[in-house]
Each structure stands twice: as structure tokens, then as C-alpha cells.
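In case you want the letters, here they are:
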Amino acid sequence: MLRKLFKFNGGVKPATNKADSTRDPIKPVPMPPQLVVPLHQHVGGTPHPLVAAGEQVLKGQRIGAADGNVSSAVHAPTSGRVLAIEHRVMAHTSGLTTLSVVIEPDGEDRWIDAQPLPWRSMGADELRDEMRDAGVVGLGGAVFPSHLKLKPGKSGTDTLVINGAECEPFITCDDLLMRERAKQIVRGAEIMQHMLQARRVLIGIEDNKPEAVAAMNQAIAARGASTMEAVAIPTRYPAGGAKQLIRVLTGIEVPHGHRSTDYGVQCFNTGTAYAIADVVDRGRPLISRIVTVAGNVERPGNYEVLFGTPMDHVAALAGVKADTDRFIMGGPMMGFRMPAYDVPVVKATNCILVGSEALFPAPAPEMACIRCGECARACPADLQPFELYWHSRAKNFGKAQEYHLFDCIECGCCAYVCPSHIPLVDYYRFSKSEIWARERQKDAADLARERFELRNERIEREKREKAEKLAAKTAAGRAAATADNAPAPSAEPAAASSDDSKKALIAAAMARAKAQRESAAAQPTLAPNNNIAPATPTATSAEEAPSASSTEKPL
């Protein structure tokens, strides 16, 4: 029974240029002298290095641990010695560097002890963690960590879409993968269907790949997967966009601000399905991928390339022509020019497009927009590219967002049909990067403010605690002093007896003094010149001395 297909708005039909690279099977790549493995190869946090310079590693050994949940691990592509962990130029048009692990192969290519996963008896979260630690990301170009997408939506998942459209000109890596390894792709789709609890699986393949459609149908039949179907769709760029493919296969239009999972649909690339089957059935992490080498080369073809292999090492196998002046990662519509020939192949590298002035001549001079509307008619995302262009050019980023700038998939259809030769996608990328930069600055400012407020709160808390401790110590001291000064009940009688004894002593002293005065008064007057010294001059005798001396005068 023929399946009803739907159409998406816009799109273009550029020359495909795919035939030359599909004549030969997938070929291996000789081991390069060095592998430069960037730790950051996907959307999300940069993995933390797990090895050190000088350390021996095995093939498939984890050398970078995922940084949080929105991240994915990185593994050694072969066995050998870690020469350095340093910043190297990454595979991006900016020419910036990223932290990379440099490995010198030992030539033995020894695997780690890998074991198949008992995935049917494993919990869903446990299986997703295995995917994260195996470094599985979307291999269609987005390189989003796959374990995050392997969760059923809020209302469940009805349809799992496997994207085999591969609509970009020159690129044929998915085509060859489906032709040669269809069984593993079907196996991976079956595992994902189990994880998502999806009712059915639809594998969308452009109808200019009849061999791939036949191979997938044969594999599905051999597997007995009654809920899985390979569907040939009309060839029209960009049918390989997730929203466009979902529209064609299911008729569901995913609106702005929503995700396909809100409508019970999830989408993965064929390469991702193959990688998941490899993880589950052989316990092997993602360390390589199929890469198309095409363009200005003698022998276009597809190669299985270890991550970290220099691009010029791979391109040389296809016979790079002498007038080559650039390497493009990806296709001519959405690809990026590389800053150097020896940048490493990463998980996002689906094609090394070798360019030259003759193959890709310089674009005509940019002219003023004439508001013809051709870009809007070609836009598959139903946007208004000319409005995005004007607001991006004026750096009015808020307005650009109002026109749904971030719904643009940068397919290049608008620039392809623009009669004024305006590089529209470049303007959109500029706006997006500026908005992201400002958001990062705002986030950094918010974080700094939070830290400042927390610091002030901590200082105030410490002051308060210190004052409370001091007050408590003072109160304790006062209480102790009061307790020391208060008379003890048992000591009162003793104190009273002490006072009584003092009074008795004073009374006794006064009595003795009185007795001495009376005794002195009662003594007879001494005869003159009896040479007897007067008595000790006490206060009483001193007062009485003058009268005594007066009595001693001769009569």
C-alpha cells in the first residue's frame, strides 16, 4: 500500500552531485601519525579530561567524561600514548582552539574489554546513561547528545522517524551506510523504538537513493519488524531537515516554539541508529563515522574515519587536485570553510568538500535588496527572510527574534534564490551569535551579582554570629561574677561570729586602755632627780606629762 506523503513549503532543487562518490564501497583510512581528539565535539558542556600526558590508552577507552547531563563522553580512537593535552585549532570556521587530547598510535589498535549490553533487562535511565558514556550524539550534523532525546514525550511517542533523506548536495555518507550496513541501522532503530515506546518507525529516504531504500526494506523484512517501514520521499532540498521530514512523512506541522515530541514524534539520523546498535550489541563507544570526500578530488568516495584524524590525511586518499584552495566541512549549502587543512575530523564531520575557485567561484557582488520576495517563497521554515535580513543588518536583534530568527535552520535556500546575491545566512548567523554572546554576558553578570549578594550575606551572617557569641560570652561572665559575689547561705553564721569576735576584741582593747588610764591616775607623784625615765609616752601619758613636770618643780 502506498503511503500518503505531504509537502513542505519552499525548498529548492540544486544539482545533487552525488553519483561520483557512490561508485565505490566504504573504504578504511590508514592510521595517521597523530590523532588530535577535541574534547568538545557536541552541543553542551565540554568533557573533563580523564588521562594525562604520557599515559597509555586503549582503543575505546574513555578519555573525556561528560560534563553534566547535557554533554557526552569522548574516547580514544585507537591504542597508543597520550602525547599532550593542549589547545589545538578546532574544526570551525572561526579558527579558535579547543582543548584536545593528542594521541600517538602504537600500531596495535587494541580494544578495551567491551561487552554487549543486556539492554532489555536494563532500566531506561541506566540505558540512557550508557549512551551518554558511549559518546553517542546526533550524527546528522546537530551533534546533540542522543541520550537526552531518547525519552518519551509528555504524551508518549507515537512515531520514531529515522532520517535517511540526506538532501545536501555532494554528501553520500548516509546513502552508503544504508546500502552496506542496513541491518545494524534497523537494529539501532529497534532499540530506540523500545526506549521511546514508539508505536511505529518510519525511515525517510529521498527517492534518488533507490539502492538504499531497497537495502533498508530488505533488512526490515529480514528482521521481521512489522512496525517499521522505509519510505521513499520526493527529492527536494531541504527534505532532510527534521521538521520538513516529519511534515512529509506524517503531515504534522511543528509550530514555532514547540518540539516534535509535543506531537508524539522524535527524529534521529541513520548514523546515530547505527552507533546505538554498535554500543548495545558490541559494547563499543562512538569513535568513528562515515565521511564523504568529494568536490575537487580525483576519486570521490566515502571513508570510515577515526575521530581526530587530520582532514588532509583523509582527503589525500581521494586525490586532492592541485588548484584546491579550501576545505569545507559539510555541503555547499550549509557547510563551513575550515581554517586549516589539518583540522581533525569530529563527530559532526559528515563530508570534507574540497573546493577550488573553478568549482566554487566567488559570489557576485552583493547588491541592495529589491524586496522581490523570492527568499520568502523558498524558505522551508515559513519565515520572512528579507525582514530578518533588514533587522540583522540594522543590528536590531530584538526585532529579528520577533520574526523567529531562531527557527531558521540555515539551509541557504533564501541565499540560493536571491537575485541580489545577498549572503542572507551570514547575516542570520551574525545575529544569532550576537544574541548568544549577549545572553552569555547577561548570564555572567547575573552570576556575578548572585555571588556578590551571597558574599554580602555571608559577611553579615558571620558578623551576626560573632556578635551573638560575644554577647553570650559576656552574659556568662556576668552570671559567674554575680554568683561569686553573692554570700553563701552556709557562711552567714561564720561571718556573724567573725564580726562578734571583732567587737569583743575592740571592747577588750578599750577596757585595757581605760584601765591603764585609771591606773596611771592612781599612781603617786615621783620624787625629783630620781633618774627614773618617765613612762612610755602613750597618748594618755603624753597629755598628762605637762602637769607631772609642773609638780616636779621645787616648792
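Residues numbered from 1 in each chain as written. Predicted model: local features only at pLDDT ≥ 70, side-chain atom pairs only at ≥ 80, totals over all residues. Heavy atoms only, no water.

**Q** Any details on the side chain of Thr172? Residues and values, ideally.
**A** Of note, Thr172 is situated in the loop between strand E9 (159-164) and helix H3 (173-180). Aside from chain neighbours lying at most four places away, what touches Thr172 is Lys18, Ser21, Thr22, Glu166, Thr292 and Asn302. (Helix = DSSP H or I, 4+ residues; strand = E, 2+ residues; numbered from the N terminus. Contact = heavy atoms within 4.5 Å.)

**Q** Explain the packing of helix H10 (residues 385-393) against helix H13 (residues 424-485) to me, and be specific about the residues and the numbers.
**A** It is at 9 Å that the axes of H10 and H13 come closest, and there the two elements cross at 55°. Between H10 and H13, the interaxial angle falls into the category oblique. The two elements H10 and H13 cross, and the hand of that crossing is left-handed. On H13, the residues that touch Pro385, Phe386, Leu388, Tyr389, Ser392 and Arg393 of H10 are Leu424, Tyr427, Tyr428, Phe430 and Ser431. Counted by class, the contact of H10 with H13 contains eight nonpolar, two polar and one charged residues. (Axes fitted to C-alpha atoms, helices over the stretch in contact; angles between N-to-C directions. Parallel < 35°, antiparallel > 145°, perpendicular 65-115°, else oblique. Left-handed = near helix turned anticlockwise from the far one by under 90°. Nonpolar A, V, L, I, M, F, W, Y, C, P; charged D, E, K, R; others polar.)

**Q** Quick one: what's the story with the sheet that holds E9, residue by residue and with numbers?
**A** Within the open sheet, the four strands sit side by side as E11-E10-E9-E12. Their pairing is parallel. At either margin of the open sheet sits one strand with a lone partner, and together these are strand E11 (228-233) and strand E12 (265-269). Each strand of the sheet is rotated relative to its neighbour by a mean of 25°, with strand direction disregarded. One ladder, built from six bridges, connects E9 with strand E10 (residues 200-206); its direction is parallel. Looking at E10, one finds that Val161 is bridged to Leu202. Helix H4 (residues 182-196) rests against E9, E10, E11 and E12 of the sheet, and its axis sits at about 150° to E9. (Pairing = 2+ DSSP bridges.)

**Q** Would you mind going over the nonpolar core in detail, with residue names and values included?
**A** Core analysis: the largest hydrophobic core is formed by 50 residues, its most contacted members being Ile203 and Met216. Tallying contributions element by element places H4 first for this core, with eight residues. Apart from residues lying up to four places away in sequence, Met216 is in contact with Met178, Ala182, Ile185, Val186, Ile203, Ile205 and Ala230. (Core = buried A, V, L, I, M, F, W, Y, C linked by side-chain atoms within 4.5 Å. Buried < 20%, exposed > 50% of the residue type's maximum accessible area, 1.4 Å probe, protein only.)

**Q** An account of the pairing of E9 is needed here, citing residue identities and associated values.
**A** Burial within E9 is extensive, with six of its six residues counted as buried. The two faces of E9 match: Thr159, Val161 and Asn163 on one face and Leu160, Ile162 and Gly164 on the other face are all buried. Summarising the sheet, E9 and E12 pair through five bridges and their orientation is parallel. In the sheet register, Ile162 faces E12, and the bridge partner there is Phe268.

**Q** Any details on the UniProt feature "binding site: [4Fe-4S] cluster 2" (unreviewed entry) in the chain? Residues and values, ideally.
**A** Using the residue numbers shown here, the UniProt feature "binding site: [4Fe-4S] cluster 2" (unreviewed entry) corresponds to Cys379, Cys408, Cys411 and Cys414. Of the residues just listed, which span 36 residues, no C-alpha pair is farther apart than 10.5 Å, and they cluster in one region. Tracing the backbone shows Cys379 in the loop between helix H9 (374-378) and H10. Here Cys379 falls in the buried class, since its relative accessible area comes to 8%. Setting aside residues up to four positions removed in sequence, Cys379 forms contacts with Asn9, Gly10 and Pro385. Locating Cys414 in the fold gives a position in helix H12 (residues 413-417). On the accessibility criterion, Cys414 (7% relative accessible area) is buried. Each residue touching Cys414, except ones within four places of it in the same chain, is listed here: Cys375, Pro385, Leu424, Val425 and Tyr428. (UniProt positions renumbered as here; feature names shortened; annotations may be inferred.)

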